[in-house]
Amino acid sequence: MKKEYQVVIIGAGPSGLSAALHLKKYGVKNILVIEKDIFPRYKCCAGYITTKTRKFYESLGLKLENCHYTLIKDFHIFYEYKKRQTIDNKFLYTNRKIDRVELDYEFYKLAREKNIEILEGIKIRSHNIEKSELYLSNSEIIAYQNLIFADGTLGYGSRYQKNKKRNIALQLTFPNDHLDEIQIHFGITRKGYGWVSSY
Ligand SMILES: Cc1cc2nc3c(=O)[nH]c(=O)nc-3n(C[C@H](O)[C@H](O)[C@H](O)COP(=O)(O)OP(=O)(O)OC[C@H]3O[C@@H](n4cnc5c(N)ncnc54)[C@H](O)[C@@H]3O)c2cc1C
């Protein structure tokens, strides 16, 4: 079976869904989002967002109170293990679990409310650029006029990237009794940085 869409977006993370919501706002009706996972889904991320991002998300209709987002009180900056600065945090928000699950799920629910079609649990098997067609894991064929890859740095779309730069990010969860604070550590690796945040 072959279906045709004006815009097909791969990936239902914040990039893919904000693209879909924007296009919908500007009158594009025939949009399909294809997502390999099923929501709510976990991803490696602390979920912090800045005031600027919060305002942008809210302009799309996202309700951050539904994801239990608040400011984290203290913000400490360390350099080579020595505390350098404490900032009264006025711009970084996250939820009580310090993860991205609730925020991305709210995005998903908002897109559903706005009648954006999302195919979940479906992967792309192959892609024919000349024919503008995608072949999906459920045997469907999707023809598109425009295609947006929003499937992350390691997604299907990454094969079309010319200059691949890969970084490493590690996330570790451990017991900690410092409540309600963020620590940013510079100088612990040659080019990277680290941070610690508490539940
Ligand atoms: C350890 C860590 C901590 C971070 N902390 C923060 C933070 O505090 N604040 C912040 O703003 N950012 C943080 N980030 C970065 C942030 O998570 C990402 O930049 C952002 O969420 C990416 O959103 P996205 O929509 O581009 O991609 P994603 O949210 O990754 O969405 C891509 C979607 O595409 C789907 N997908 C992938 N391949 C396919 C395929 N072949 N077919 C169909 N679907 C596919 C995936 O399942 C996924 O749902 C952190 C990242 C890491 C690794």
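All values reported here derive from a predicted model rather than from experimental measurement. (Residues numbered from 1 in each chain as written. Predicted model: local features only at pLDDT ≥ 70, side-chain atom pairs only at ≥ 80, totals over all residues.)

Trainee: I'm lost on the overall build of the protein chain in this one. Help?
Mentor: A tally of helices and strands in the protein chain yields 3 helices and 13 strands. Looking at the protein chain residue by residue over its 199 residues, the buried ones come to 20%. Looking at the protein chain alone, contacts between residues at least 24 apart form 65% of all its contacts between residues at least 6 apart. (Helix = DSSP H or I, 4+ residues; strand = E, 2+ residues; numbered from the N terminus. Buried ≥ 20, exposed ≤ 12 C-beta atoms within 10 Å, placed from the backbone. Contact = placed C-beta atoms within 7 Å.)

Trainee: Looking at this model, I keep getting lost on the sheet that holds strand β6 (residues 82–88). Mind explaining?
Mentor: Working definition: the strands of a sheet are paired by backbone hydrogen bonds and lie parallel or antiparallel to each other. With respect to topology, 4 strands assemble into an open sheet ordered β6-β5-β12-β13, the strand pairing being mixed. The sheet is open, and its two borders are formed by β6 and β13 (193–197), each paired with just one other strand. For this sheet the average axis-to-axis angle between neighbouring strands, irrespective of direction, equals 20°. Here 5 bridges tie strand β12 (residues 181–186) to β13, and the two strands are oriented antiparallel to one another. Looking across to β13, one finds that F186 is bridged to Y193. (Pairing = 2+ DSSP bridges. Axes fitted to C-alpha atoms, helices over the stretch in contact; angles between N-to-C directions.)

Trainee: Just checking my understanding: could you explain the sheet that holds strand β3 (residues 49–50) for this structure?
Mentor: Taken in spatial order, the 3 strands of this open sheet run β3-β7-β4, and their pairing is antiparallel. The outermost strands of the open sheet, each flanked by one partner alone, are β3 and β4 (70–71). Across 2 bridges, β3 lies against strand β7 (residues 92–94) in antiparallel orientation. The residue of β7 that forms the bridge with T50 is L92.

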